[in-house]
Amino acid sequence: MMTAQPRNHAEKSLSAIVPLFNEQELVELSLQVLVDQLQATGHPFEIICVDDGSSDGTLGQLYRRADSDKRIRVVALSRNFGKEAAMAAGLEVADGDAVLFLDADLQHPPELIPQMLELWQSGYDIVNGVKEQRAREPFVYRIFANLFNRLMAGAADSDFRGASDFKLLDRQVADVLRQLPETRRFFRGLVAWSGFRSVRLPYAVKERAAGKTKWSSLGLLRYSIRNLLAFSEMPLRAVATAGFCTLIFSALLAAWQLYRFVTGWTLSGFTTVILLQLFLGGLLLTGVGIVAVYLAEMYGEVKQRPLYVIRRPRESELVQHEPTEPSAVSNQLSAGNQKSES
Ligand code: UDP
Ligand code: MG
């Protein structure tokens, strides 16, 4: 922990960025909790809700909520671009002196906001929410997460144990992140990379308030590999090292076989040849594969497609259609509709 100079309190504004993907069960509750917490801080604030191409009623609910509370802003992506893109889209429009990132499912406890602000005001540029204990997760997940955080720590030279996207950033840091050109982003890694004065704030991970996690196991695996590659050249160097070691080994083996040949020993059998073939084949393919994965990442960046696409709402989407007191019939109807949608 570095010591830091206190910041001037007066009228600093806050932006909270919340990415949402199919969170219709949670929109009301989350926003209410968040508004209450932010209001209690006494700072002027805005909440930027980024709808990440939800296919349920999330976006409609957001527009409705934003209509009645001007501190809530909605950014709608044209399809599901993923949480990283959604957070970047929020960052692009956020103009607070401090920017807070948190999930919509209340797993990032809004009760900690006052503490985060205090740390920020005492001079820290980055307040990292750190998971104290992971919520009920399968054992394999935990092992995998630990392994990933350890590898990541080596790659990005920073402590990733318990790292999460629950963070408060000073405007300076937010601006640095905004200016980064890469489209394949790993928020946690980039924040660590940016440097600045940071502090860890532990929090206990709660269960999701409602709904389900949006991650599949395969999705998580892909995300982890991609993030590791984005921060580390180690696998590429490992390919070169493996190639070099193999070369030395084969030179020694060749010398030995030559010696046996000259001294008139019979050459050993078929098995050695097969094993060597398999070993070298495997090594070569792995090497080519690792290089190919990097190439694919570079291909992705070179195309320079934007990280996300924003969809502006039609006039009709912003107008509130429901009568304020729906009749029993229309209640039943909308309940039925919701069921058939989900
Ligand atoms: N999310 C998103 N886009 C996605 C997946 C998730 O914006 O493609 C949002 C989601 O709505 C939630 C946050 O990212 O607010 C964290 O997602 P989730 O709770 O599913 O992840 P977990 O907490 O299980 O890691
Ligand atoms: Mg969650």
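Here the structure is a predicted model, which is why all the values come from computation and not from measurement. Numbering of residues starts from 1 in each chain and follows the order in which that chain's sequence is written. Labels follow written order: the first chain is A, the first ligand is 1, and so on. Predicted model: local features are reported for residues with pLDDT of at least 70 only, side-chain atom pairs are reported and counted for 80 or more only, and whole-chain, interface and lining totals are derived from all residues. Water and hydrogen atoms were dropped before computing side-chain values, which therefore reflect all heavy atoms in the structure.

Asks: Before we move on, can you summarise the coordination of the magnesium ion (ligand 2) with the specific residues and values?
Replies: Listed donors are limited to N, O and S atoms within 2.8 Å of the metal, widened to 3.2 Å for Na, K and Ca; water is not among them, so incomplete-looking sites are possible. Within the protein, Asp105 (OD) and Gln107 (OE1) serve as the donor atoms for the magnesium ion (ligand 2), at 1.9 to 2.0 Å. Any residue under 20% of the maximum accessible area for its type is buried, any over 50% is exposed, and the rest in between are partly exposed; the area is computed with a 1.4 Å probe on protein chains only. For Asp105, a relative accessible area of 3% puts it in the buried group.

Asks: Explain the packing of helix 1 (residues 27-41) against helix 2 (residues 58-68) to me, and be specific about the residues and the numbers.
Replies: Across the interface, helix 1 lies against helix 2 with an axial gap of 10 Å and an inter-helix angle of 35 degrees. Here the hand of the crossing between helix 1 and helix 2 comes out right-handed. For the pair helix 1 and helix 2, contact is made by Val27, Glu28, Leu31, Gln32 and Val35 and by Thr58, Gln61, Leu62 and Arg65, respectively. Side-chain classes are defined by residue name, with Ala, Val, Leu, Ile, Met, Phe, Trp, Tyr, Cys and Pro counting as nonpolar, Asp, Glu, Lys and Arg as charged, and the others, Gly among them, as polar. Residues that form the contact of helix 1 with helix 2 fall into these classes: 4 nonpolar, 3 polar and 2 charged. Note on definitions: angles span 0 to 180 degrees between N-to-C directions of axes, and those axes are lines fitted to C-alpha atoms, for helices only across the stretch in contact. A run of H or I in DSSP becomes a helix once it reaches four residues, and a run of E becomes a strand once it reaches two; helices and strands are each numbered from the N terminus. Note: crossing handedness is left-handed where the near helix turns anticlockwise from the far helix by less than a right angle, and right-handed where it turns clockwise. Residues are treated as being in contact if the distance between any of their heavy atoms lies within 4.5 Å.

Asks: Talk me through empty space enclosed by the protein; I want residue IDs and the actual numbers.
Replies: One water molecule sets the probe size; rolling that probe over the atoms shows where empty space is left. In this analysis a 1.4 Å probe is tested at points of a 1 Å grid over the protein atoms alone, and where it fits but cannot get out there is a cavity; an open set with protein on both sides within 12 Å along at least five of seven lines is a pocket; lining residues have an atom within 4 Å of a point. Grid points are joined across faces, edges and corners, and a volume is the space filled by probe spheres set on the points. Summed over all chains, the structure comprises 2 cavities of 30 Å³ or more. Of the voids in this model, the largest cavity is the one considered here, and its volume is about 70 Å³. Along its surface, the largest cavity is lined by Glu84, Met87, Ala88, Leu91, Phe101, Leu177, Arg185, Phe187 and Leu190. Contributions of two or more residues to the lining of the largest cavity are made by helix 3 (83-93) and helix 7 (187-194). Here the lining of the largest cavity gets 4 residues from one element, more than from any other, and that element is helix 3. Grouping the constituent residues of the lining of the largest cavity by class yields 7 nonpolar, no polar and 2 charged. Its boundaries defined by the atoms lining it, the second largest cavity holds a volume of some 40 Å³. Lining the second largest cavity we find Val18, Ser30, Leu34, Leu102, Asp103, Ala104, Leu106 and Pro110. By residue class, the composition of the lining of the second largest cavity is 6 nonpolar, 1 polar and 1 charged.

Asks: How would you sum up unusual backbone geometry? Please name residues and give values.
Replies: The backbone of Phe196 shows a phi angle near 65 degrees, a positive value even though the residue is not glycine. By secondary structure assignment, the location of Phe196 is in the loop between helix 7 and strand 7 (198-203). Of note, the phi angle at Gln304 is positive, near 55 degrees, even though the residue is not glycine. In this structure, Gln304 sits in the loop between helix 10 (270-302) and helix 11 (315-318).

Asks: Can you lay out helix 10 for me, pointing to particular residues and giving the numbers?
Replies: What a helix should span is 1.5 Å times the count of its residues minus one. Along its 33 residues, helix 10 runs 47 Å from first to last C-alpha, staying within 8% of the 48 Å computed at 1.5 Å per residue. Of the positions making up helix 10, those classed as buried are Gly287, Tyr294, Glu297 and Gly300. Here the buried face of helix 10 lies against helix 8 (217-231) and helix 9 (234-262). After helix 10 finishes, the residue Gln304 shows a positive phi value of roughly 55 degrees.

Asks: Please provide a residue-by-residue account of the packing of aromatic side chains, values included.
Replies: The rule is short: rings of Phe, Tyr and Trp, with Trp giving its six-membered ring, pair when the centres are within 6.5 Å, and they are stacked under 30 degrees, edge-to-face over 60, tilted in between. This model, assessed by the stated rule, comprises 5 aromatic pairs. Between Phe101 and Phe187, the aromatic rings sit 4.5 Å apart at their centres with planes inclined by 50 degrees, giving tilted as the arrangement. Highlighted residues: Phe101 in strand 4 (residues 98-101) and Phe187 in helix 7, separated in sequence by 86 residues. Of the two residues, Phe101 and Phe187, both sit in the buried class. Here, a charge over a ring means that NZ of Lys or CZ of Arg falls within 6 Å of the ring centre while also lying within 35 degrees of the ring normal. Geometry around Phe81 places Arg79 over its ring, the cationic atom sitting 3.8 Å from the centre. Sitting over the face of the ring of Trp256, Arg260 holds its NZ or CZ atom 4.7 Å from the ring centroid.

Everything listed here is a matter of geometry and, on its own, says nothing about what the molecule does.
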